[in-house]
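One-letter residues, chain by chain:
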Amino acid sequence: SSHMQEEILQMVHKNLPSKCRNIFLMSRLEGLANNEIAEILGISQRTVENQLYRALKILRNKLKDYL
């Protein structure tokens, strides 16, 4: 639902470090592939994957309170 999406976006902005947040939003909101994100940001695809993993881990911990 859009309410849940709002909650998650707020969580993203509050809890993720900026680099991590950027990558997460590019992946989830803009639907870019990891290699595209890597190219745009001038980082390795491995870094993109690590940052996404980190973002999801942080969000999962925060979402535990909601679920």
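Everything here concerns the structure above.
Given the structure is predicted, the values throughout are model-derived calculations rather than measurements.

Caption draft 1: Region of interest: the layout of surface pockets. In this structure, the largest pocket spans a volume of roughly 220 Å³. Around the largest pocket, the lining residues are Gln5, Ile8, Leu9, Val12, Phe24, Leu25, Arg28, Leu29, Leu56, Leu59, Arg60 and Leu63. Listed by contribution, the elements that provide at least two residues to the lining of the largest pocket are α1 (2-15), α2 (18-28) and α4 (45-63). Its residues placed into classes, the lining of the largest pocket shows nine nonpolar, one polar and two charged.

Caption draft 2: Representation of the nonpolar core within the structure. Within the largest apolar cluster, 15 residues are counted, with the highest numbers of intra-cluster contacts made by Val12, Leu16, Phe24 and Val48. For this core, the secondary structure elements donating two or more residues are α1, α2, α3 (34-41) and α4. Apart from the residues lying within four places of it in its own chain, the contact partners of Phe24 are Val12, Leu16, Leu29, Leu52, Ala55, Leu56 and Leu59.

Caption draft 3: Examining the side chain of Ser27 more closely. Its place among the elements puts Ser27 in helix α2. Excluding its chain neighbours within four sequence positions, the residues that come into contact with Ser27 are Leu32, Ile37 and Leu52.

Conventions used here
Residues numbered from 1 in each chain as written. Predicted model: local features only at pLDDT ≥ 70, side-chain atom pairs only at ≥ 80, totals over all residues. Heavy atoms only, no water. 1 Å grid on protein atoms, 1.4 Å probe; cavity = no way out; pocket = protein on both sides within 12 Å on 5 of 7 lines; lining within 4 Å. Points joined across faces, edges and corners; volume = space filled by probe spheres on them. Helix = DSSP H or I, 4+ residues; strand = E, 2+ residues; numbered from the N terminus. Nonpolar A, V, L, I, M, F, W, Y, C, P; charged D, E, K, R; others polar. Core = buried A, V, L, I, M, F, W, Y, C linked by side-chain atoms within 4.5 Å. Buried < 20%, exposed > 50% of the residue type's maximum accessible area, 1.4 Å probe, protein only. Contact = heavy atoms within 4.5 Å.

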